[in-house]
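Next come the chains, spelled out residue by residue.
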Amino acid sequence: MSIDLNSWELIAMGYRCDMDDRWDRLFADLEGAVPLLDEDEIPDLVEAERVGVQLVDRLAGAVGRAVDLATSSGSRLTGTLREAGSDWIAVVAGRTLHVVRTGSIRWISGLDGPANPPSGAVRVGLAAVLRRIARSTLPVVVDVGGTVLRGMITAVGADHCDLATDSAVLTVPLDGLVSVRCDADLLASL
């Protein structure tokens, strides 16, 4: 069987036309599969996305920024957000490190929009940070709902810590703790 050159050209042209039709059908299918968004739906989608964002995610996204916050004890703090754990933040103001329990924050400014949580990030809890402070043997100032205690953290349990003051060893429930202040040099070891 012999095929002349003109036959091959006709076959190739037919194949190209057939492929062009297939591509056109594929793109038409894809366009039909992807719904076009109506401008009225966009705010609903943005709101639905924001519903899942937690405060700890926004705090983690603001590390390195200046923040201003008020606590449940009425104290106000302005400084640089240095770290955000699962239930605490570290703010540095001057030479002082403030570890603030997030449950005691009444309001905070300096957080830009929502942040996506870092993938695979493991956030350390407040008890773990207090154990590090206890190992440092640095003097601390502890705010427990408006009462200020001075001493040294000597032990930390799952939900409480012991604070050795000049006169006694006080046991402080962590959910009553507002903040712990100490020298900012400790931040390097956290």
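In what follows, the structure referred to is the one given above.
If you're wondering where the values come from, they're calculated on a predicted model, not measured in any experiment.

Draft legend 1. Local environment of the environment of Thr 147. Among the structural elements, Thr 147 can be located in strand E7 (residues 147–156). Considering only alpha carbons, one finds Thr 147 and Val 178, 31 residues apart in sequence, at a separation of 9.7 Å.

Draft legend 2. Representation of the sheet that holds strand E2 (residues 76–84). Sheet architecture is open: 10 strands sit in the order E5-E1-E2-E3-E4-E10-E6-E7-E8-E9, paired in antiparallel fashion. Where the open sheet ends on each side, the last strands, each with one partner, are strand E5 (105–109) and strand E9 (169–173). Across the sheet, the mean angle separating the axes of adjacent strands is 40° when strand polarity is ignored. Taken together, the four bridges between E7 and strand E8 (residues 160–164) define a ladder with antiparallel strand orientation. If you follow Ala 155 over to E8, its bridge partner there is Asp 162. Strands in contact with helix H4 (residues 126–136) are strand E3 (88–93), strand E4 (96–101), strand E6 (140–144), E7, E8 and strand E10 (179–183); relative to E7, the strand with the most contacts, it is inclined by about 85°.

Draft legend 3. Structural view of H4. Buried residues of H4: Leu 126, Ala 127, Val 129, Leu 130, Ile 133 and Ala 134, and no others. Take H4 and look down its axis: the buried residues cluster within an arc of 160°, on one side only. At the exit of H4 stands Thr 137, carrying a positive phi of roughly 55°.

Definitions and limits used
- Residues numbered from 1 in each chain as written.
- Predicted model: local features only at pLDDT ≥ 70, side-chain atom pairs only at ≥ 80, totals over all residues.
- Heavy atoms only, no water.
- Helix = DSSP H or I, 4+ residues; strand = E, 2+ residues; numbered from the N terminus.
- Pairing = 2+ DSSP bridges.
- Axes fitted to C-alpha atoms, helices over the stretch in contact; angles between N-to-C directions.
- Contact = heavy atoms within 4.5 Å.
- Buried < 20%, exposed > 50% of the residue type's maximum accessible area, 1.4 Å probe, protein only.
- Arc of directions from axis to C-beta.

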